Amino acid sequence: MDKPEKLMIDGKRLDGRSPEELRPFKIVAGALERADGSAYVEMGNNKVFAAVYGPREMHPRHHALPDQAVLRCRYNMAPFSVDDRKKPGPNRRSIEISKVTREALEPVMFLELYPRSVIDVFVEVLQADAGTRTAGINAASVALADAGIPMKDLVSSVAVGKVEETVVMDLFKEEDQWGTTDMPIAMIPRKKAITLLQMDGHFTEEEFKYALDLASRGCTQIYEAQRQALKEKYTMRKEEE
Ligand code: UDP
């Protein structure tokens, strides 16, 4: 797609949102039967599954740690998830996103409870529209809780940024591509602790502070939906019994 002439028209964004608005989102806990824990997340046009296995024995054994579990995250984009077919398999970008996903989640885990084992987190992006790492972290966080793995809290994530001169919440593809700044953030909303912060582009100090506040508000909304998704799953299970 060519660069649109304007990304903001009369204070509204090209998809009709106000600058402070999240895209419509959906979070489902326990979306896959075979995994120990799973979740499905839509954030706008992003569609992402997360599946968790473990804690289980680490293979290969020499990757195990004597005093804690290893959290092993793999972010993967389906070839059909983007406009130009993506070559299957890992690349530099997916390796980087896998690493920051792990680092965003580790602070809420009790890895010391499971020495010599591994907790595997697979994030599969089926449809991408900017912010897939944030959707993946939201899904992974719910999938870990769904697997019954003890956690201190949930991690919630959203990207904020700047489009023309406006600081905006939750960028979609055109804004990510043609905007000034993209800043994905993950937080433990109740603690206001940041577990991921990356930034492409630039902000003034004032804009940065406002963007952080905007991200915190977005993460809080997502956090409520993550908790609701887990509650719904366990209410349903109880009803089935
Ligand atoms: N993208 C793409 N092909 C790729 C990688 C990314 O079309 O090989 C698109 C996709 O829509 C993605 C967006 O570019 O969501 C932004 O990618 P970025 O690396 O900023 O990560 P994300 O915002 O998805 O976390």
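The following paragraphs examine the structure supplied in this document. (Residues numbered from 1 in each chain as written. Predicted model: local features only at pLDDT ≥ 70, side-chain atom pairs only at ≥ 80, totals over all residues. Heavy atoms only, no water.)

**Observations concerning the nonpolar core**
Phase 1 of the analysis: One finds Leu-71, Met-109 and Leu-144 to be the most contacted residues of the largest nonpolar core, which totals 55 residues.
Phase 2 of the analysis: Of the residues forming this core, the biggest block, 8 residues, is contributed by helix H4 (residues 205-240).
Phase 3 of the analysis: If we ignore the near neighbours within four places in the chain, the residues touching Met-109 are Leu-71, Ile-119, Leu-144, Ile-149, Met-151 and Lys-152. (Core = buried A, V, L, I, M, F, W, Y, C linked by side-chain atoms within 4.5 Å. Buried < 20%, exposed > 50% of the residue type's maximum accessible area, 1.4 Å probe, protein only. Helix = DSSP H or I, 4+ residues; strand = E, 2+ residues; numbered from the N terminus. Contact = heavy atoms within 4.5 Å.)

**Digging into the site of the ligand**
Phase 1 of the analysis: Around the ligand, a shell composed of Met-77, Val-82, Arg-93, Ala-128, Asp-129, Ala-130, Gly-131, Thr-132, Arg-133, Lys-173, Asp-176 and Asp-182 is seen.
Phase 2 of the analysis: The side chain of Thr-132 places a nitrogen or oxygen atom 2.5 Å from an oxygen atom of the ligand.
Phase 3 of the analysis: In the model, an oxygen atom of the ligand is placed 2.8 Å from a nitrogen or oxygen of the Arg-133 side chain.
Phase 4 of the analysis: For the ligand, whose unbound accessible area comes to 510 Å², protein coverage reaches 76%.
Phase 5 of the analysis: When contributions to the shell around the ligand are tallied by element, the ones reaching two or more residues are helix H2 (132-146) and helix H3 (173-178).
Phase 6 of the analysis: Tallied by class, the residues present in the shell around the ligand amount to 4 nonpolar, 2 polar and 6 charged. (Near = heavy atom within 4 Å. Polar contact = N/O pair within 3.5 Å; in protein donor to acceptor, adjacent residues only side chain to side chain. Areas by Shrake-Rupley, 256 points an atom, 1.4 Å probe, with all protein chains shown as cover. Nonpolar A, V, L, I, M, F, W, Y, C, P; charged D, E, K, R; others polar.)

**Re the pattern of salt bridges**
Phase 1 of the analysis: This structure, assessed with the given rule, holds 18 salt bridges.
Phase 2 of the analysis: Salt bridges linked by common partners bring Arg-13, Asp-15, Arg-17 and Glu-175 together as one network. (Salt bridge = Lys/Arg side-chain N within 4 Å of Asp/Glu carboxyl O.)

**Focus on the sheet that holds strand S3 (residues 25-29)**
Phase 1 of the analysis: A sheet is described by the order of its strands in space; here 5 strands give the open sequence S3-S4-S5-S7-S6, paired in mixed fashion. The two strands at the open ends of the sheet, each matched to only one other strand, are S3 and strand S6 (70-77). Strand-to-strand twist in this sheet, taken as the mean axis angle between neighbours without regard to direction, amounts to 15°.
Phase 2 of the analysis: In the sheet, S3 pairs with strand S4 (residues 37-43) via 5 bridges, with the strands oriented antiparallel. Note on S4: the bridge partner recorded for Ile-27 is Val-41.
Phase 3 of the analysis: Lying on the sheet, H2 is in contact with S3, S4, strand S5 (46-57), S6 and strand S7 (117-127); it crosses S4 at an angle near 150°. (Pairing = 2+ DSSP bridges. Axes fitted to C-alpha atoms, helices over the stretch in contact; angles between N-to-C directions.)

**Thoughts on H2**
Phase 1 of the analysis: Its 15 residues give H2 an end-to-end C-alpha distance of 20 Å, which sits within 8% of 21 Å, the value for a rise of 1.5 Å per residue.
Phase 2 of the analysis: Burial analysis of H2 places 14 of its 15 residues in the buried class, the great majority of the element.
Phase 3 of the analysis: Of the residues trailing H2, Gly-148 is marked for its positive phi of about 80°. (Expected span 1.5 Å × (residues − 1).)

**Some remarks on a nonpolar patch on the surface**
Phase 1 of the analysis: A contiguous nonpolar surface patch, about 230 Å² in accessible area, is contributed by Ile-194, Leu-197 and Met-199.
Phase 2 of the analysis: Mapped onto the elements of the fold, Met-199 is located in the loop between strand S11 (193-197) and H4. (Patch = residues over 30% accessible without salt bridge, like charges linked within 9 Å, V, L, I, M, F, W, Y side chains within 5 Å.)

**Structural notes on the packing of helix H1 (residues 92-105) against H2**
Phase 1 of the analysis: Where H1 contacts H2, the axes come no closer than 10 Å and their chain directions differ by 45°. Judged on the interaxial angle alone, H2 and H1 are oblique. The handedness of the crossing between H1 and H2 comes out as right-handed. Listed contacts from H2 to Arg-93, Glu-96, Ile-97, Thr-101, Ala-104 and Leu-105 of H1 are Thr-132, Arg-133, Ile-137, Ala-140, Ser-141 and Leu-144.
Phase 2 of the analysis: Taken together, the residues of the contact of H1 with H2 break down into 6 nonpolar, 3 polar and 3 charged. (Parallel < 35°, antiparallel > 145°, perpendicular 65-115°, else oblique. Left-handed = near helix turned anticlockwise from the far one by under 90°.)

**Description of unusual backbone geometry**
Phase 1 of the analysis: Geometrically, the link from Gly-54 to Pro-55 is a cis peptide bond, its omega value of 0° lying close to zero.
Phase 2 of the analysis: The residue after His-59, namely Pro-60, is reached through a cis peptide bond having omega -5°.
Phase 3 of the analysis: Looking at the element boundaries, Pro-60 is found in the loop between S5 and S6.
Phase 4 of the analysis: Positioned with a positive phi, Asp-10 is a non-glycine residue whose angle comes to about 50°.
Phase 5 of the analysis: Mapped onto the elements of the fold, Asp-10 is located in the loop between strand S1 (8-9) and strand S2 (12-13).
Phase 6 of the analysis: A positive phi angle is found at Glu-164, which is not glycine, with a value near 50°.
Phase 7 of the analysis: In this fold, Glu-164 is placed in the loop between strand S8 (156-163) and strand S9 (166-169).

**Brief notes about the environment of Ala-29**
Phase 1 of the analysis: Counting through the fold element by element, Ala-29 comes out in strand S3.
Phase 2 of the analysis: The spatial distance from the C-alpha of Ala-29 to the C-alpha of Tyr-234 is 9.2 Å, given a sequence separation of 205 residues.
Phase 3 of the analysis: If sequence neighbours within four positions are ignored, Ala-29 has contacts with Ser-38, Ala-39, Val-142, Ala-229, Leu-230 and Lys-233.

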